[in-house]
Amino acid sequence: MKGVAPAAAFLTATALAVLAVGASAEITATTGEVHEGTAPASVALNQHEHDDDTGTAPRGAHAFDEEQDHVTVAPIVLDVCTTTTSAFITCPTPRGGRIDETSDLRAGSIPTNTCIDSHLVHADPPGAPAGGVVYEGSVSFDRPILGVILLTPSLTASDADPGLAPTVTYEPAPTRGLELDTETDEITINLDANRVVFRFDVRLTIDQIRVITLGDPNTCPGQAKTLTLFPKEASNQVNTQHCVTATVKNATGGPAQGVVVRFDVEGSSEQDQNPADEDASKTTDQNGTAVHCYTGPETVGADTIHAYADNDRDGVEDAGTDPFDDATKTWLPAAANSVTLDPKEDENPVGTQHCLTATVRDLFLNPVPGKTVRFVVTGTTEEEGSDQTDALGTAEFCYSSTTAGFDAIVAYVDNDNDKTRDAGEPFDLASKLWQPGQPASLELDPKAASNDVQSQHCVTATVRDLFQNPVPKVIVRFAVTGVNTKVGSETTDSSGQATFCYTGGTTAGADVITAYADTDKDSTQDPGEPGDVATKTWLPLDPAILTLTPKTDQNIVNTQHCVQAHVTDIFLNPNPDVLVRFTVTGTVTKNETDRTDEGGIAEFCYTSTKAGLDTIVAHADTNENGMRDGIEPVDTAMKLWQPGDPATLVLTPKADENEVETEHCLQAEVKDAFGNPTPNEVVRFDVEGASEQDAQPADEDGSDTTDEFGHATHCYTGPDLPGADTIHAYADNDGDNVEDANEPARDNAEKTWILPPSTPGCEITIHNGGWIYTVTGSKGSFGGNARIEADGAITRGEETYQDHSALTPITFKSSEVLVIVCDEPGKRADIYGRGTIDGLAPPVVYRIRVRDLDEPGSTPGPDTYQIITNLYTSGIEDNPLQGGNVQIQRFS
């Protein structure tokens, strides 16, 4: 398929075009190889080889109008349909754009009684060769295209419609239509559906297409010209059927048959969500009439019935072409079905007026006006009356009585006006109670009382009238405020009394009870409605619960600690003036008593200077016998006394000595002013002396937090060379890492670092000019030997070292070897002694570390060398040799 217009866009364009109906329907323009002409008498193969039949006119196709404004008498089959508007055409899938293959076809049909125009485009070139002659052009129309007939069978079938082309005879031909799949025939329908562009590849036969456009309903025979509804006005009872007849006539005044009439009912009967919609559609019969019947609503009201003749069957009322008319329908109530009296029950003091309203309704609850309602009263008095229902279906009757008691009131609809309630006449019943005179006084008894909580208390209200007569059946409303909140109401009995009981809550205190006679039943004490006031005091039960607060606490020793005992009954009401005994065991032993105040609270305070845990026991000594009996409430609290701020710190050991490069540990014991160990205190340690590595003295070399025994520990490793340390420690109370004057817990200790013992049977020799890179990157050269015999005598020892730095060169020479230490495998050795730097006094202590890791050595490493004095360090401990060889030999 070479191209297809989008269906949705085409459908929209078509629907708009259908609405734009013109006054005539014909070919309006042609372009290309096509010429418009009049319809010929007949069309056959080789008969019209030029558009005017003269044989001399320009080549091309012949386009002419067939019958115009024709009302179809039978369905016409379309090969391509262009619209889904069902009033005009049956078209399941509309099609526009290019049609050049049979798969592009969209079959449809035009129904009977549709007003259409027919047009033919015919191509029959003279002497058409087998290879074919191609005509290309377009034909435009002034009305929307409904569809195209382009296949031979469809063209032949559409010839048969009487009136479609009454002046033209179509002779049979082997092929009249287009050959879509075997030749290059094609047509294109534009988006506005008013122009056909064609390409006819005509070979040995002829090519034809028939284009069907919308006719003009104003000029089509049989179209509706007028529409009249009957009856124009009518009224019926609700829920009955109403029929309206539409009489449709054509332009000559005769009946218009087969016209679709659309009815719309708006008003009381409308059931749709939106107004002005279609409620029914009917087709006129041979008399030009269409009848629409519907059932009225159950509610009174009115309808407007609108009907119009849908000439173009588009489901839309078109102004000027679709005649219409309106009628009205009034729905009246049905027969009286029920009577409802209001009020159904009532009571009034004697001598006052009582009025009732009777509402008459039909079966659908519509009020029924104009009905006679009769009222009959029996009981304390005999009364009769009648009234006519108004527009709301209501009638009223009033009367009074001077006798207390009950009345029965009957109301009925007297349909036949015979003053007798007959069978089927609806009725209703009501009752009336006449009460004694208005209450004048109310008195409560007892006026005051006291009880334990959660017991029942009753008060009786006696209501009397002005003459002290009891007034029965008066609603007395009671209200309790205070520790309890209650409301209630009781009706006085024949003695004029109403009793109200309630159970006290669990809270001790006072209630105020108010009561009044609610004569107008409005739940409000109005002026003139008598009332009274009483009081009730609720007392607590025996003490049942004692609660100590705080249950747990902690304080620093030598401060005051207070506990409160809250004594209540089982409902948590405080018990005043109860003796409470307090006992303390633990860091101290104490016994005290106190009496509860109005809030049920007794208090006890004490102190302790010893850190630890106290147990505080308190009980309510209700019988004041000095001991706790089984039913007397008790509670326990705990008190933890924390040590005070650190006051003392003791370091151990105070003095000690160790070999160099071993670990030394100290313990700081911290206590407060009362000798209590103080845990969780930060102790800061500072080491000054031989082990000090920091640039500034008096700094922190370590810290630890005291344990539960007030102990904090600090360990550190001794120096490379002999010497002494001073260790200072203090408790940093405020945690600011500064030893403040108000932090008294501090102490000092001493540590002496000595040389280790020698290892007998070891010799260290350095050969071949050993050298390393120093810590500054300069060259450091060294040499020497040391030997210790198996008996521990040092028989040889001479060491030299030179730093060749350009800025700070030094020359070292040992003067004495003091200690030689070798490891067991003979791979490591340390030499301790004295020597001079640059030959200057005093002598310095030195330490040389060597490692013999390869034989006879390698360059660089892995043998290492390091020399340390108290004034100089050559580099890292395992500094690899860049030249020379270290040999360590063990012997026995």
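Residues numbered from 1 in each chain as written. Predicted model: local features only at pLDDT ≥ 70, side-chain atom pairs only at ≥ 80, totals over all residues. Heavy atoms only, no water.

**Quick look at the overall build of the protein chain**
The number of helices and strands found in the protein chain is two helices and 64 strands. Taking 29 Å as the expected radius of gyration for a compact globule of 892 residues, we find that the protein chain reaches 63 Å, considerably beyond that expectation. Here the protein chain holds 892 residues, and 44% of them are scored as buried. The contacts of the protein chain with a sequence gap of at least 6 include a subset with a gap of at least 24, amounting to 66%. Carbon and sulfur atoms make up 51% of the accessible area of the protein chain, which amounts to about 41,000 Å² in all. (Helix = DSSP H or I, 4+ residues; strand = E, 2+ residues; numbered from the N terminus. Rg over C-alpha atoms; globule rule 2.2 N^0.38 Å. Buried < 20%, exposed > 50% of the residue type's maximum accessible area, 1.4 Å probe, protein only. Contact = heavy atoms within 4.5 Å. Areas by Shrake-Rupley, 256 points an atom, 1.4 Å probe, with all protein chains shown as cover.)

**Concerning the packing of aromatic side chains**
In total, this model carries 17 aromatic pairs according to the counting rule given. For the ring pair Tyr 294 and Trp 331, a centre distance of 6.1 Å and an interplane angle of 75 degrees mean the geometry is edge-to-face. Of the two residues, Tyr 294 sits in strand 22 (residues 289–295) while Trp 331 sits in strand 24 (residues 324–332), which places them 37 residues apart along the sequence. By relative accessible area, which is 2% here, Trp 331 ends up buried. Seen from their ring centres, Tyr 399 and Trp 434 are 5.9 Å apart, and the 85 degrees between their planes marks the pair as edge-to-face. (Phe/Tyr/Trp six-rings, centres within 6.5 Å; stacked < 30°, edge-to-face > 60°.)

**Examining the side chain of His 122**
Tracing the chain through its elements places His 122 in strand 10 (residues 115–123). Classification of His 122 by relative accessible area gives buried; the value is 2%. Of the polar contacts made by the side chain of His 122, one reaches the side chain of Gln 208; its length is 3.0 Å. (Polar contact = N/O pair within 3.5 Å; in protein donor to acceptor, adjacent residues only side chain to side chain.)

**Side note on the sheet that holds strand 43 (residues 561–568)**
In spatial order, the strands read 41-43-46; together these three strands make up an open sheet with antiparallel pairing. Strands at the two margins of the open sheet, each flanked by one partner only, are strand 41 (545–549) and strand 46 (601–606). Shown here is a sheet whose adjacent strand axes are inclined to one another by a mean of 20 degrees, direction ignored. Pairing of strand 43 with strand 46, which is carried by six bridges, proceeds in the antiparallel orientation. If you follow Val 563 over to strand 46, its bridge partner there is Phe 604. (Pairing = 2+ DSSP bridges. Axes fitted to C-alpha atoms, helices over the stretch in contact; angles between N-to-C directions.)

**What about the sheet that holds strand 30 (residues 394–400)?**
Strand order in the open sheet formed by three strands is 25-27-30, and the pairing between neighbours is antiparallel. One side of each edge strand has no neighbouring strand; the edge strands of this open sheet are strand 25 (338–342) and strand 30. With direction set aside, neighbouring strand axes in the sheet form an average angle of 25 degrees. Pairing geometry for strand 27 (residues 353–361) and strand 30, over seven bridges, is antiparallel. By the bridge assignment for strand 30, Ala 358 is matched with Ala 395.

**Observations regarding unusual backbone geometry**
The omega torsion across Thr 549 and Pro 550 is -5 degrees, close enough to zero to call that bond cis. By the secondary structure assignment, Pro 550 is in the loop between strand 41 and strand 42 (552–556). The step from Ala 841 to Pro 842 runs through a cis peptide bond, and the omega angle for that step is 0 degrees. We note that Asn 417 has phi near 55 degrees; this positive angle belongs to a residue other than glycine. Secondary-structure assignment places Asn 417 in the loop between strand 31 (405–413) and strand 32 (427–435). Since its relative accessible area comes to 48%, Asn 417 is described here as partly exposed. Positive phi, close to 55 degrees, is recorded for Lys 473, a residue that is not glycine. Using a relative accessible area of 43% as the deciding quantity, one classes Lys 473 as partly exposed.

**With respect to the environment of Val 300**
One can find Val 300 in the loop between strand 22 and strand 23 (301–309). As a C-alpha pair, Val 300 and Pro 333 span 33 residues in sequence and 5.9 Å in three-dimensional space. Setting aside residues up to four positions removed in sequence, Val 300 forms contacts with Val 238, Ser 268, Trp 331, Leu 332, Pro 333 and Asn 366.

**Concerning the pattern of salt bridges**
Across all of its chains, the model carries 39 salt bridges by this definition. Of the charged contacts in the structure, one is a salt bridge between Arg 374 and Asp 414, with a shortest N-O distance of 2.6 Å. Of this pair, Arg 374 sits in strand 28 (residues 372–378) while Asp 414 sits in the loop between strand 31 and strand 32, and the two are 40 residues apart along the sequence. A residue is classified by how much of its surface remains accessible, and Asp 414, at 3% relative accessible area, is buried. In this structure, Asp 720 engages Arg 847 in a salt bridge whose closest nitrogen and oxygen atoms are separated by 3.8 Å. (Salt bridge = Lys/Arg side-chain N within 4 Å of Asp/Glu carboxyl O.)

**So, the state of the cysteines**
If you walk through the whole model with that rule in mind, you get seven disulfides. The disulfide bridge from Cys 81 ends at Cys 91, spanning 2.0 Å between sulfur atoms. Handedness here is read from the sign of the S-S torsion; for Cys 81 and Cys 91, about 75 degrees, the answer is right-handed. Placement of Cys 81 in strand 7 (residues 80–81) and of Cys 91 in the loop between strand 7 and strand 8 (97–99) is noted, with a sequence separation of 10 residues between them. Using a relative accessible area of 0% as the deciding quantity, one classes Cys 81 as buried. (Disulfide = S-S within 2.5 Å.)

**Section: the layout of surface pockets**
By volume, the second largest pocket amounts to about 220 Å³. For the second largest pocket, the lining is made up of 17 residues, of which Glu 347, Gln 435, Gln 438, Thr 519 and Lys 521 are closest to its centre. The residue makeup of the lining of the second largest pocket, split by class, is seven nonpolar, five polar and five charged. (1 Å grid on protein atoms, 1.4 Å probe; cavity = no way out; pocket = protein on both sides within 12 Å on 5 of 7 lines; lining within 4 Å. Points joined across faces, edges and corners; volume = space filled by probe spheres on them. Nonpolar A, V, L, I, M, F, W, Y, C, P; charged D, E, K, R; others polar.)

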